[in-house]
Amino acid sequence: MASGEGFLTDEQREVLKIASQNAETPLPSPRLSSSPKSPTSLLSDHQLKDPAGGKAPTCGVGVRHVRRSHSGKFVRVKKDGAGGKGTWGKLLDTDRESHIDRNDPNYDSGEEPYQLVGSTISDPLDEYKKAVVSIIEEYFSTSDVELAASDLKDLGSSEFHPYFIKRLVSIAMDRHDKEKEMASVLLSSLYADVISPNQIRDGFVMLLDAADDLAVDILDAVNILALFVARAVVDEILPPAFLTRAKKTLPESSKGYQVLQTAEKSYLSAPHHAELLERRWGGSIHVTVEEMKKKIADLLREYVESGDTFEACRCIRELGVSFFHHEVVKRALVLAMEIQAAELLMLKLLKEAAEEGLISSSQMVKGFARLAESLDDLALDIPSAKTLFQSIVPKAISEGWLDASFTKSSCEDGEGQSEEKRLRRYKEEVVTIIHEYFLSDDIPELIRSLEDLGLPEFNPIFLKKLVTLALDRKNREKEMASVLLSALHIEIFSTEDIVNGFVMLLESAEDTALDILDASTELALFLARAVIDDVLAPLNLDEIASKLSPNCSGSETIRMARSLITARHAGERLLRCWGGGTGWAVEDAKDKIMKLLEEYESGGVVAEACQCIRDLGMPFFNHEVVKKALVMAMEKKNDRMLDLLQVCFDEGLITINQMSKGFTRVKDGLDDLALDIPNAKDKFSFYMEYAQKKGWLLTSFGSSAMEAPPIATAS
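Quick caveat, the model's predicted, so the values are computed rather than measured. Here the residue index of a chain counts from 1 through its sequence in written order. pLDDT decides what is reported in this predicted model: residues at 70 or higher carry local features, side-chain atom pairs at 80 or more are listed and counted, and totals for whole chains, interfaces and linings draw on all residues regardless. With hydrogens and water stripped out, all remaining heavy atoms of the structure feed into the side-chain values.

### Notes on the overall build of the chain
- Each helix and strand in the chain was counted, giving 40 helices and two strands.
- Within the span of the chain, comprising 715 residues, buried residues form 41% of the whole.
- Any pair of residues with heavy atoms lying within 4.5 Å of one another is described as a contacting pair. Put simply, 70% of the contacts in the chain that link residues at least 6 apart link residues at least 24 apart.
- Where accessible areas are quoted, they stem from the Shrake-Rupley method and a 1.4 Å probe; at the residue level, only the protein chains shown are allowed to cover. In the structure as shown, the chain presents an accessible area of about 39400 Å², 51% of it carried by carbon and sulfur atoms. Numbering of helices and strands runs from the N terminus; a helix is a DSSP stretch of H or I covering at least four residues, while a strand is a stretch of E covering at least two. For every residue, the accessible area (1.4 Å probe, protein chains only) is compared with the maximum for its type, and the residue is labelled buried under 20%, exposed over 50%, or partly exposed between those bounds.

Here it is, written out as structure tokens:
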């Protein structure tokens, strides 16, 4: 230390002394320590390097922070290159204020300070929801359906349309009846053209899921939403089956479930419910769809009488329903077909309306398309409808008032399109019929409904629909489906229909398994049950298997069905495979039939026996009465049973189809019967001839019933 001090002047020693004293006191704040008047700053200005390589006292300040200034003095600099007095400072020194003069000749815009502006990533769904609120509010203000449809199309996010339905209805629910009616009219107008049927369905499902939340803010939300659902069914934008399907997805304690119950029981089940629902929100600026159709029909008929095209166009314009002009097109074309003298007038009206822009190109195409879809029905009243339509289409396209993009398949490929349309309509009809059957358990009514459809070539499709719908339900419906198959096989379905129906089911088994747990096992039970109920023969399983791919899941289902059939007590187990409920009906019915026939044989009255058969309530199972009566007649060698069958036939209690089925079942079991009744075949031939004479059986039955057995001479 003494040697070190030899290099310091008196002034420097004084400064060092002061600094040493200050080091014993608390350090000042960083703000004060940076002052040029502070002792540490003074010390740094006077630090000298030891010629011998030693270090001058720095009071704890490292020599790496000492730098020579431009003036030759040693100064302390800050960490990170910030520098101190006589230094350039650090690279980005934010402590100093800089001012840029835009008037400076050397001004460079690149020197301008910039700011990082944060922006949130937008969610397309959120943007869509905000946009549709504006569209809905504007629609409620203007009542312009066409503008609302156009705006919705312009959004381009068609996958989000279910949210539009939810928002439209939920906003309307909290408004007056006018807005509620406007919302229903808008949904009907957008249906199919802008919003697909599936999106309509999904939108209402979302509303039902949100019913509990809506009920918090909207008084009587359950009743109002039930009205919207019922109105959608009446307007045919929701199928009636929607209510049943949606119920299965909702808890019974939820508001959504209550909505569906209210819609079904309070509105859709009421007499004249369609008319009442269309006028429920009275006072609207909109007329109902039916009233609008009537106005269009009236103005077109007035036009036929007057021939004033200008006046007809004015009336169409005054209707103020540009979104519904396709109805004008359709009705004008129908009138042109119905009234020969009106054809030229109607085509002239449509041409002028298109040229004036009164009827848009899309509405014109839609009107033609709607007529093309209904040509089959129209041809029942107007035999030349298809020919006339085929002549009008090319004329309209050549004159420029029907867009050339209009599909000509309705003219050129009418048969194929008609077949597709018939199939689609059939599927819709049978789904409703099956749902009604599950509710009513009325087999005769279902059979009548199928006969009214008049499409026996689609019987396999009905079977597929029946079993598919039953698979997704409880055991009660599964049992009902099996019982129904027995009845249909007797009455209107051939064995080929049943086989083809099961082939279709098994071909789609993999797709079915995606939605229904354990679908393969359930299908195997249906197959096995069909064999036990004599709907299918065991050999039919081989026929079904031959029509399937060897490695498909359907083949495994058939193997499972065979295992079920060959198991011990298979008949009894399969008759009860769906548990309680009606699962006991077939077996119990067989026992009851046997007992009533035995009582009748032992001296009972025909009328009483007929009443017992009637009380069974299973007309589809009366073939069992025929079979057991014939077998008992053979066993007892007493033809009294024929008297009972005669009375049953005369009263219509047992139909000719049931008689045929009963005789066929006896014929199929003749070989086994012959083991106990040696003359069974002779007796059967006698009974068959007797039945044909009495009219119970068709005269052609003998050729198919037996392979020309010799008529016995005997006993």
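Following the structure, the description resumes.
### So, the pattern of salt bridges
- Salt bridge, as applied in this entry: a Lys or Arg side-chain nitrogen positioned within 4 Å of an Asp or Glu carboxyl oxygen. For the coordinates displayed, the defined rule picks out 25 salt bridges.
- Linking R317 and E356 is a salt bridge whose minimum nitrogen-to-oxygen distance equals 3.3 Å. Taken together, the residues span a long stretch of sequence, with R317 in helix α16 (residues 309–319) and E356 in the loop between α18 (343–355) and α19 (361–373) at a distance of 39 residues.
- Residue E356 is classed as partly exposed on the basis of its relative accessible area of 44%.
- Connected through salt bridges with shared partners, the residues D534, E624, K628 and R665 form a single ionic network.

### Considerations on the packing of helix α12 (residues 241–249) against helix α13 (residues 255–267)
- To get an axis, a line is fitted to the C-alpha atoms, and for a helix only the part in contact is used. The angle between two axes follows their N-to-C directions and goes from 0 to 180 degrees. Contact geometry for α12 and α13: axes closest at 10 Å, N-to-C directions at 155 degrees. Judged by the angle between their axes, α12 and α13 are roughly antiparallel. The chirality of how α12 crosses α13 is left-handed. Here F242, L243, A246 and K247 of α12 lie close against α13, whose contacting residues are Y257, L260, Q261, A263 and E264.
- Three classes are used, and their members are as follows: Ala, Val, Leu, Ile, Met, Phe, Trp, Tyr, Cys and Pro are nonpolar, Asp, Glu, Lys and Arg are charged, and the others, Gly among them, are polar. Within the contact of α12 with α13, the residues separate by chemical class into six nonpolar, one polar and two charged. Angle categories: roughly parallel below 35 degrees, roughly antiparallel above 145, roughly perpendicular from 65 to 115, and oblique for all the rest. Each crossing gets its handedness from the near helix: less than a right angle anticlockwise from the far helix is left-handed, clockwise is right-handed.

### A look at the packing of aromatic side chains
- Stacked, edge-to-face and tilted are the three classes for Phe, Tyr and Trp ring pairs, Trp counted by its six-membered ring, which pair at centre distances within 6.5 Å; planes under 30 degrees apart are stacked, over 60 edge-to-face, the rest tilted. All told, the structure shown has 13 aromatic pairs when counted by the stated rule.
- Where F228 meets W281, the ring centres are 4.8 Å apart and the plane angle is 45 degrees; that geometry is what we call tilted. Of this pair, F228 sits in helix α11 (residues 221–234) while W281 is found in the loop between α14 (273–278) and α15 (289–306), placing the two residues 53 residues apart along the sequence.
- By relative accessible area, which is 1% here, F228 ends up buried.
- By way of ring pairs, the aromatic residues F686, Y687, Y690 and W696 are connected into one cluster.
- Across from the ring centre of Y257, 5.8 Å away, lies the NZ or CZ of K247, which sits over that ring. A ring has a charge above it when a Lys NZ or an Arg CZ is no more than 6 Å from the ring centre and no more than 35 degrees off the ring normal.

### What about the environment of I135?
- With respect to the secondary-structure elements, I135 resides in helix α5 (residues 124–142).
- When its relative accessible area of 8% is taken as the criterion, I135 is described as buried.
- With 33 residues separating them along the chain, I135 and L168 place their C-alpha atoms 9.5 Å apart.
- In contact with I135, other than residues within four places in its own chain, are A148, D151, L152 and L155.

### Re the nonpolar core
- What makes a nonpolar core is a set of buried Ala, Val, Leu, Ile, Met, Phe, Trp, Tyr and Cys residues whose side-chain atoms join them at distances within 4.5 Å. One finds L152, F164, M173, F204, L225 and F228 to be the most contacted residues of the largest nonpolar core, which totals 60 residues.
- Per-element accounting of this core gives the leading share, 12 residues, to α11.
- Those residues in contact with F228 that sit more than four places away from it in its chain are V169, A172, M173, K180, A183, S184, F204 and W281.
- Core analysis: the next-biggest nonpolar cluster, separate from the first, contains 55 residues, I433, L471, A519 and L541 among them.

### Some thoughts on the environment of V304
- With respect to the secondary-structure elements, V304 resides in helix α15.
- Accessibility expressed as a relative area gives 22% for V304, which makes it partly exposed.
- For V304 and L345, which are 41 residues apart along the polypeptide, the C-alpha to C-alpha distance reads 7.0 Å.
- If sequence neighbours within four positions are ignored, V304 has contacts with A342, L345 and M346.

### A closer look at the side chain of E522
- Looking at where E522 falls in the secondary structure, it is placed in helix α29 (residues 519–532).
- Think of it this way: Lys and Arg go in the positive column, Asp and Glu in the negative one, and His and the chain ends go nowhere. Here E522 is buried and forms no salt bridge, its nearest opposite-charge partner K478 lying at an N-O distance of 4.6 Å.
- Beyond its immediate chain neighbours, meaning those up to four positions away, E522 contacts L471, K478 and W578.

### A word on the side chain of Q646
- Looking at where Q646 falls in the secondary structure, it is placed in helix α36 (residues 640–650).
- Sequence-distant contacts of Q646, defined by excluding residues within four places in its chain, comprise K694 and W696.

### Quick notes on the packing of helix α7 (residues 161–173) against helix α8 (residues 177–190)
- Packing of α7 against α8 leaves a shortest axis separation of 8 Å and a crossing angle of 160 degrees. One finds that α7 runs roughly antiparallel with respect to α8. In the crossing of α7 with α8, the sense of the turn from one axis to the other is left-handed. Residue-level contacts link F164, I165, L168, V169, A172 and M173 of α7 to E179, K180, A183, L186, L187 and L190 of α8.
- Split by residue class, the contact of α7 with α8 holds 10 nonpolar, no polar and two charged.

### Focus on helix α34 (residues 606–616)
- Taken residue by residue, α34 has A609, C610 and I613 as its buried positions. Around the axis of α34, the buried residues are gathered within 100 degrees of arc, so they sit on the same side. Residues of α34 that are exposed and angled more than 90 degrees away from the buried face: A607 and D615. In this description, one arc is meant: the one made by directions from the helix axis to the C-beta atoms.

### Brief notes about the environment of L527
- When you line up the elements, L527 lands in helix α29.
- Note: C-alpha distance between L527 and L564 (37 residues apart in sequence) is 9.5 Å.
- Residue contacts for L527: discarding those within four places in its chain leaves F502, L506, L536, L541, I544, T557, I558 and A561.

### What to know about unusual backbone geometry
- Even without glycine at this site, S143 takes up a positive phi of about 65 degrees.
- Its location among the elements puts S143 in the loop between α5 and α6 (145–155).
- Unlike most non-glycine residues, E236 shows phi in positive territory, near 65 degrees.
- By the secondary structure assignment, E236 is in the loop between α11 and α12.
- A residue is classified by how much of its surface remains accessible, and E236, at 64% relative accessible area, is exposed.

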